[in-house]
Amino acid sequence: MFALVHLVPGDPVRLALGTRFSQETYDALRERSGLDRPLVEQFFTWFARALGGDLGVSFRSGDTVTSLIAERLPATLTLAFASILVALVIAIPLGTLSALRPRSVVDRVATVLSQIGISVPDFWMAIVLILVFAGTLGWLPTGGYVPLSEDPGGWLARLVMPAVVTGVVSGSVITRFVRSSVLEALGADHVRTAQAKGLPTRQVFTWHVVRNALLPLVTVTGVQLAYLLSGVVVVEIVFSWPGLGQLALQSVEARDYPVLQGAILLFALVFLVINLVVDLLYTAIDPRIRR
Amino acid sequence: MTAPVLEVSDLRVRLRTPRGPADVVNGLSYTVGPGETVAVVGESGSGKSVSVLALLGLLPARVATVSGRALLQGEDLLTMKPERLRQVRGPGAGMVFQDPMTSLNPVLTIGRQLIEGIRAHGDVDKAAARRRAADLLGEVGLPDPERALDRYPHELSGGMRQRVVIAIALSNSPALLIADEATTALDVTVQAQIIDLVEKLQAERGTGVIWITHDLGVVAGIADRVLVMYGGRCVEDGTVDDVLERPAHPYTRGLLGALPDLAEPVDGVVPDLATVPGTPPPPTDLPKGCVFWPRCPVRGDARCEHEQPPLAVIGSAAATLPHRAATWCTEGPEGGRAG
Amino acid sequence: MTSQPGPAASSAPKPTAPLKPARPRWRETLGLLLRNPTAAVAAALLLGVILVAILDETLAPTGPNEIDVDERLQPPSGEHLFGTDDLGRDIFSRVILGAAVSLRVGLFAVGIALVIGSAIGLLAGYYGRWVDDVLMRFMDMLFAFPAVLLAIAVLAVRGPGSGNTALAIGIVYIPIFARVTRASVLGVREEVYVRASRSVGASDFRILTRHVLPNAAPPIIVQASISLAFAVLAEAALSFLGLGTQPPNPSWGLMLAEGRGYLQIAWWLAFFPGMAIFLTVLCFNLLGDGLRDVLDPRQRTLMGAASGAAPAGSEEGGDR
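A brief structural summary. (Residues numbered from 1 in each chain as written. Chains lettered and ligands numbered in written order. Predicted model: local features only at pLDDT ≥ 70, side-chain atom pairs only at ≥ 80, totals over all residues. Heavy atoms only, no water.)

### Regarding unusual backbone geometry
Turning to step 1, where the next piece is worked out: A positive phi angle, close to 45°, is found at A:Ser240, a residue other than glycine.
Turning to step 2, where the next piece is worked out: Tracing the chain through its elements places A:Ser240 in the loop between helix 11 (233-238) and helix 12 (244-253). (Helix = DSSP H or I, 4+ residues; strand = E, 2+ residues; numbered from the N terminus.)

### Quick word on the interface of chain C and chain A
Turning to step 1, where the next piece is worked out: Taken together, the contact pairs 39 residues of chain C with 37 residues of chain A.
Turning to step 2, where the next piece is worked out: Summing the contributions of chain C and of chain A, the shared interface buries around 3,400 Å²; its carbon and sulfur component is 78%.
Turning to step 3, where the next piece is worked out: The tally of links from chain C across to chain A stands at 1 salt bridge.
Turning to step 4, where the next piece is worked out: Among the ionic pairs, A:Arg176 bridges to C:Asp289, the shortest N-O distance being 2.7 Å.
Turning to step 5, where the next piece is worked out: Taken together, the links from chain C to chain A amount to 4 residue pairs in polar contact (both at pLDDT 80 or more).
Turning to step 6, where the next piece is worked out: Put simply, the parts of the chain that give the side of chain C that touches chain A at least two residues each are helix 7 (147-158), helix 10 (204-240), helix 11 (252-260), helix 12 (268-295) and helix 13 (297-305) of chain C.
Turning to step 7, where the next piece is worked out: Considering every element that reaches the side of chain C that touches chain A, the biggest residue donor is helix 12 of chain C, with 12 residues.
Turning to step 8, where the next piece is worked out: Of the residues contributing to the side of chain C that touches chain A, the split by class is 31 nonpolar, 4 polar and 4 charged. (Contact = heavy atoms within 4.5 Å. Buried area = accessible area lost by both parts, 1.4 Å probe. Salt bridge = Lys/Arg side-chain N within 4 Å of Asp/Glu carboxyl O. Polar contact = N/O pair within 3.5 Å; in protein donor to acceptor, adjacent residues only side chain to side chain. Nonpolar A, V, L, I, M, F, W, Y, C, P; charged D, E, K, R; others polar.)

### Concerning a positive patch on the surface
Turning to step 1, where the next piece is worked out: Taken together, the side chains of A:Arg101, A:Arg103, A:Arg108, B:Arg16 and B:Arg62 present a region of like positive charge at the surface.
Turning to step 2, where the next piece is worked out: Position of B:Arg16 relative to the elements: it lies in strand 1 (residues 6-17).
Turning to step 3, where the next piece is worked out: Overall, B:Arg16 belongs to the exposed group, its relative accessible area being 60%. (Patch = residues over 30% accessible without salt bridge, like charges linked within 9 Å, V, L, I, M, F, W, Y side chains within 5 Å. Areas by Shrake-Rupley, 256 points an atom, 1.4 Å probe, with all protein chains shown as cover. Lys, Arg positive; Asp, Glu negative; His and termini not counted. Charge placed at Lys NZ, Arg CZ, Asp CG, Glu CD. Buried < 20%, exposed > 50% of the residue type's maximum accessible area, 1.4 Å probe, protein only.)

### Re the pairing of strand 8 (residues 208-213) of chain B
All names here are of chain B.
Turning to step 1, where the next piece is worked out: Within strand 8, 6 of the 6 residues are buried, which leaves the element mostly enclosed by the surrounding structure.
Turning to step 2, where the next piece is worked out: Sheet topology places strand 3 (residues 37-41) next to strand 8; 5 bridges connect them, and they run parallel. Paired with Thr37 across the two strands is Val209, which belongs to strand 8.
Turning to step 3, where the next piece is worked out: Bridge analysis of strand 7 (residues 176-180) against strand 8 gives 5 bridges, and the strand direction is parallel. By the bridge assignment for strand 8, Leu176 is matched with Gly208. (Pairing = 2+ DSSP bridges.)

### Comments concerning the environment of B:Gly158
Residue and element names in this part refer to chain B.
Turning to step 1, where the next piece is worked out: Positionally, Gly158 belongs in helix 6 (residues 158-170).
Turning to step 2, where the next piece is worked out: For Gly158, a relative accessible area of 13% corresponds to the buried category.
Turning to step 3, where the next piece is worked out: Each residue touching Gly158, except ones within four places of it in the same chain, is listed here: Pro100, Met101 and Leu186.

### A look at the sheet that holds strand 12 (residues 323-325) of chain B
All names here are of chain B.
Turning to step 1, where the next piece is worked out: Spatially, 8 strands are ordered 6-7-8-3-9-10-12-11 in an open sheet, and the strand pairing comes out mixed. Every other strand in the sheet has two partners, leaving strand 6 (93-96) and strand 11 (312-314) as the edge strands with one partner each. The sheet shows a mean angle of 20° between the axes of neighbouring strands, taken without regard to direction.
Turning to step 2, where the next piece is worked out: Looking at chain direction, strand 6 and strand 7 are connected through 4 bridges and run parallel. (Axes fitted to C-alpha atoms, helices over the stretch in contact; angles between N-to-C directions.)

### A short note on the packing of aromatic side chains
Turning to step 1, where the next piece is worked out: Following the criterion strictly, the structure yields 10 aromatic pairs over all chains and no others.
Turning to step 2, where the next piece is worked out: Between A:Trp124 and C:Phe271 the ring centres are 6.0 Å apart and the planes differ by 50°, which places this aromatic pair in the tilted class. Note that A:Trp124 is positioned in helix 7 (residues 122-136) and C:Phe271 in helix 12, a pairing that runs across two chains.
Turning to step 3, where the next piece is worked out: With relative accessibility at 31%, the residue C:Phe271 sits in the partly exposed group. (Phe/Tyr/Trp six-rings, centres within 6.5 Å; stacked < 30°, edge-to-face > 60°.)

### Thoughts on the environment of A:Pro74
Turning to step 1, where the next piece is worked out: Residue position: A:Pro74 is located in helix 5 (residues 65-100).
Turning to step 2, where the next piece is worked out: Counting along the chain gives 20 residues from A:Pro74 to A:Leu94, while the straight-line C-alpha distance between them is 30 Å.

### Examining the pairing of strand 10 (residues 233-239) of chain B
All names here are of chain B.
Turning to step 1, where the next piece is worked out: Most of strand 10 is tucked away: 7 of the 7 residues are buried.
Turning to step 2, where the next piece is worked out: Where strand 9 (residues 225-230) folds back on strand 10, the antiparallel hairpin that results is connected by 2 residues, among which Gly231 adopts a positive phi of roughly 55°.
Turning to step 3, where the next piece is worked out: Pairing of strand 10 with strand 12, which is carried by 2 bridges, proceeds in the antiparallel orientation. When the sheet's bridge partners are listed, Glu236 is paired in strand 12 with Ala325.

### Topic: the interface of chain A and chain B
Turning to step 1, where the next piece is worked out: Each side of the interface is counted separately: chain A has 21 residues, and chain B has 26 residues.
Turning to step 2, where the next piece is worked out: Where chain A touches chain B, the interface holds 1 salt bridge.
Turning to step 3, where the next piece is worked out: In this structure, B:Glu116 engages A:Lys197 in a salt bridge whose closest nitrogen and oxygen atoms are separated by 2.8 Å.
Turning to step 4, where the next piece is worked out: Those elements that place two or more of their residues in the side of chain A that touches chain B are helix 9 (189-196) and helix 10 (201-230) of chain A.
Turning to step 5, where the next piece is worked out: Per-element tally for the side of chain A that touches chain B: the top contributor is helix 9 of chain A, with 6 residues.
Turning to step 6, where the next piece is worked out: Its residues assigned to classes, the side of chain A that touches chain B comprises 7 nonpolar, 7 polar and 7 charged.

### Some words on the side chain of C:Arg182
Turning to step 1, where the next piece is worked out: Along the chain, C:Arg182 falls in helix 8 (residues 162-189).
Turning to step 2, where the next piece is worked out: Here C:Asp132 takes part through its side chain, which lies 2.7 Å from a polar atom of the side chain of C:Arg182.

### Focus: the sheet that holds strand 5 (residues 75-76) of chain B
All names here are of chain B.
Turning to step 1, where the next piece is worked out: Across the sheet, which stays open at both edges, the 4 strands sit in the order 2-1-4-5 with antiparallel pairing between neighbours. Bordering the open sheet on either side are strand 2 (20-32) and strand 5, each of which pairs with just one other strand.
Turning to step 2, where the next piece is worked out: Of the strand pairs in this sheet, strand 4 (residues 64-72) and strand 5 are connected by 2 bridges, and their pairing is antiparallel. Opposite Leu71, over in strand 5, you have Asp76 as the bridge partner.

In structure tokens form, the structure reads like this:
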């Protein structure tokens, strides 16, 4: 990853300094940033510092990378969790309903809706929503972000559209998984055993179908959450949402290596943490994994 | 004669499949008396499993159309209200399925799976249900039943799991026990243990048993009566002795010929019916005449091809349990063209 | 990680299975596919899009970059079907030419991912052991990286443009194809016909190309169709960010970005290219679904098996 970042052509020092600068300032900044040393050495210096929580300083703004990331983190976390909430609220009932009546009208409608949700470009949906709700109707602001603590109403108003856009896309993916995992759980032999015992339908459904369909749902929700925490660059741009995706894009454009490296490190960390949480949840749900 | 536990008449099941309607069970009639074991034999695809699933309403309603009559202790299962049917599942009829690896819920403890069945049929408090569950596990021969309650299915061997499934099926003392290929997935030694167990419990409780299998060795060991199914029809039924020793239908004879130790020389000639060649007809496209016609080694005239043979009594009609077969082939088992 | 052929065990040869399954019968596949109305409509629409993309210049009423300042921001009319943009360019013509760009990038991207990814998956699945470990671990790393960022990073290294966009998207999808291929190879590796070829001394290359690949192909084909959908979407997103296709070339994503500023006064600038992306992606997805239903036997029987009562004989019955 480090190598990839440094493959990005363009001289960050030149970009940081603008068009007018003396050779001395250039050399000084280059030396201060450690860019004059060999790449391998740069990597180990960076890695050693990163272990200590020091991710370096942005070439562009001079702020520490940790502070830049910390600044963006609340917005990203807010959006990601709001989106996954929207996604699950859509996906669980819709997927379950269509699995219960495969090939029925409900199922066909749900299938078409989720296909549409997967196929619609998120940034286009964002633009259309802005046009309708911020433009024509004027109900919601076009974008931006305010912390919850400062203005709860404004926070919610600005969160709704981006959360719906990303939530609908993720929700469509999850709906399909819910449908197939509930369908699979319904077809399992043990469901027949439960019915043959004479359990009430509700009990069969809750304990022998839903309970078992949870496993794949946990996995796919984890994957979607990881994606939401790192991959919603385009939606962040459209809604001027000051998240990590925006920061990463800006740092690619500005060749701001330390920031880009920091962001990528964080994404890797997020990925690891989510995998860990998914594993833990699995252990809680599935006794076969317990030792 | 005591009243039968189960009386099935003209049971028909039609399934909706992507390839069109499939007639999986076509007019099946039989009775099971208390303490009696009826073995239903046939290849996979002969409709034997579907026929019992249909009895308990375990086929999905949107796919299956079931008609006929099935009186369980005098009450028709096929016209019952769903709630009544639920109440009958368990105390009326218990069911043991083929694969003990999949017929228990992997994420719930064995105790839970037993207790929920017990508590679904009567006002039993948790502690009493737990005691009863432990007793049941003891009865089916699980070592240390108290501890087994807190175990998960994957912690037990296949044979032990099948004992658990049997305990669940018996937990509400059903009048009828349906075992659908209950020993097929098990080792031979375990198979024998399970069969002994069911026989023992049956003797103690007077339960009627339907034992579905394709294993004629098992049939010989356990059944009082045998019903041979092919293409969704009963092609032959009668007492174990009648059917296994004096098979009348070419299909039954083929099945018996397929058994290594039963393939003894007939009239000094070893029958070359080592297996029954071919596969059962697809239920979406059953033959017009005798269902067995396309595979029959002794098929004869046009009647076999175009006319369905009725289930007719062979031998002594005066016997309490008549031996019947549905075939136009009237020669005796030792007769002419077979072989 | 489970490098041992765990999944293969489940597909141990059944005694009744024919020695070698028939190759996918294309005519039958196509027939089954077209019987599914959604898939048939999707296929027809895609055929239309492809035709439009091939005929681009001939179909477009005006040149895509023909600027006509007098005709700026005209709403849709008989003369300009989809209206004109801020430079007076005909949006209908630009959408048509955008189809060519989108499809070309999509096809190249999926082509790259398919060839490299399948090769990796094939080797990993067939040879197993350390080959599998090394290759798949590397794929996992690539997969762990956020897709959009990976593409952005590749574009940052290589510079923007259509060709590099295809490359970037292709790289992102390599691990997916590797995984799908590996899983499907593991499924057929231990089949009787593969072991039979091995026992008569066929070379690995021959076994791989003649036996393993054709029989492992269906899931890969399904994946390709679905990936095309995502590739078109990704190209649009990257162009929207200004990293993909560069102006003045018409690309749907780019047109959307350009139209964003005129939302209030000229909605058609963003609407038509968005619609074009949406419909194309939807068709690829629907086609992928249709293909899955037809090609993936597990899915095919699922409809019957889910009822718990699919007559076992019926499936073989038709094949004999």
